[in-house]
Amino acid sequence: MRIDEFEFTKIAGAILSALLLIFGTKTIIELNVGHGAFKPGFTLPAASAGGGAEAPAGAAPAGAETPEEAAKKVLALLPKANAENGKATFKKCASCHVAEKDKKATVGPNLWDVVNRKRASFPGFAYSDAMKAKGGDWSFEELAKFIHSPKTYIPGTKMVFAGLSSEGDEADLLAYLATLADTPVALPK
């Protein structure tokens, strides 16, 4: 038994009609039933009647770990950190940063030789006023604080990355950043 072109067209039309009937009916039912009034987002709890003071700008939310607390944990993990794992974690950073010697900055500054470099000092990069005002060097501790929560640690920074949530990932990333130099920086013991 052979199906000619006309029979094939009838079968294809029947299948398409069935699909149209199924999905059309479903769409009509969803439009008529609806989902009620929907308001995106959620309502934040009102301030307490006790009139508590507002948290300072850049402060960590209640219950959240501060950059300083996280940095202590990261520094404790740093002697056993794995730079290869940090290289994989760096892929999250690579959308904005390069880490190759003599490369120009992209969205963020070049991170080659960043450990112990003066903060806000990569030539040709337009740092935020907050970053310039912070001053100091990018020690392991300072990098750990910043990587944990950039906007909390330096309110007003241009960096939009929310930070890493795992101290292990942070330690591994710092170990990787320490290798990015003509003379790699030794990890603390």
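These figures come from a predicted structure and were not determined experimentally. Residue numbers restart at each chain and count upward from 1, following the sequence in its written direction. Selection of residues for local features in this predicted model requires a pLDDT of at least 70, selection of side-chain atom pairs for listing and counting requires 80 or more, and totals for whole chains, interfaces and linings are taken over all residues. Side-chain descriptors were evaluated using all non-hydrogen atoms of the structure, hydrogens and water having been removed beforehand.

### What to know about the confidence of the model for the protein chain
We count it as follows: pLDDT: the predictor's confidence for each residue, scored from 0 to 100. By the convention used here, residues are in contact when the closest approach between their heavy atoms is within 4.5 Å.
Here the protein chain shows a mean pLDDT of 84. Residues at 70 or above account for 83%. In this model residues 48-63 is a low-confidence stretch, pLDDT under 50, and it forms eight contacts with partners more than four residues away in sequence or in other chains.

### Description of the nonpolar core
Selection criterion: Residues belong to one nonpolar core when they are buried, are Ala, Val, Leu, Ile, Met, Phe, Trp, Tyr or Cys, and are joined through side-chain atoms within 4.5 Å. Any residue under 20% of the maximum accessible area for its type is buried, any over 50% is exposed, and the rest in between are partly exposed; the area is computed with a 1.4 Å probe on protein chains only. Secondary structure elements follow DSSP: runs of H or I of four or more residues count as helices, runs of E of two or more count as strands, with numbering from the N terminus.
Membership of the largest hydrophobic core comes to 31 residues, with the highest contact counts inside it found for Phe90, Val115, Trp138, Ile147, Leu173, Leu174 and Leu177. Those elements that place two or more of their residues in this core are α2 (67-77), α5 (140-148) and α7 (167-179). In terms of residues, this core owes the most to one element, α7, which gives seven residues. Every residue in contact with isoleucine 147, bar those within four places of it in the chain, is listed here: Gly163, Leu164, Glu170, Leu173, Leu174 and Leu177.

### As for a nonpolar patch on the surface
How we decide: Within this analysis, patches are made of residues with over 30% relative accessible area and no salt bridge. Like charges are joined at 9 Å or less; nonpolar side chains (Val, Leu, Ile, Met, Phe, Trp, Tyr) at 5 Å or less. Using a 1.4 Å probe, the Shrake-Rupley method yields the accessible areas, and only the shown protein chains count as cover for residues. Any carboxyl oxygen of Asp or Glu that lies within 4 Å of a side-chain nitrogen of Lys or Arg is treated as forming a salt bridge with it.
Taken together, the side chains of Ile3, Phe8, Ile11, Ile15, Leu16, Leu19, Ile22 and Phe23 make up a nonpolar region of the molecular surface, amounting to roughly 830 Å² of accessible area. Within the secondary structure, phenylalanine 23 sits in helix α1 (residues 5-33).

### Overview of the packing of aromatic side chains
Rules: Only the six-membered ring of Trp is used, alongside the rings of Phe and Tyr, when aromatic pairs are assigned; centres must lie within 6.5 Å, and planes under 30 degrees apart are stacked while those over 60 apart are edge-to-face, with the rest tilted. A ring has a charge above it when a Lys NZ or an Arg CZ is no more than 6 Å from the ring centre and no more than 35 degrees off the ring normal.
Applying the stated rule across the entire model yields three aromatic pairs. Note on phenylalanine 125 and tyrosine 127: the rings are 4.8 Å apart at their centroids and 75 degrees apart in plane angle, and the pair reads as edge-to-face. We classify phenylalanine 125 as buried; its relative accessible area is 18%. Geometrically, the ring pair formed by tryptophan 138 and phenylalanine 146 is tilted, given 5.2 Å between the ring centres and 50 degrees between the ring planes. The ring of tryptophan 138 carries the charged tip of arginine 119 above its face, separated from the ring centre by 4.2 Å. A cation sits over an aromatic face here: lysine 134 above tyrosine 153, 4.2 Å from the ring centre.

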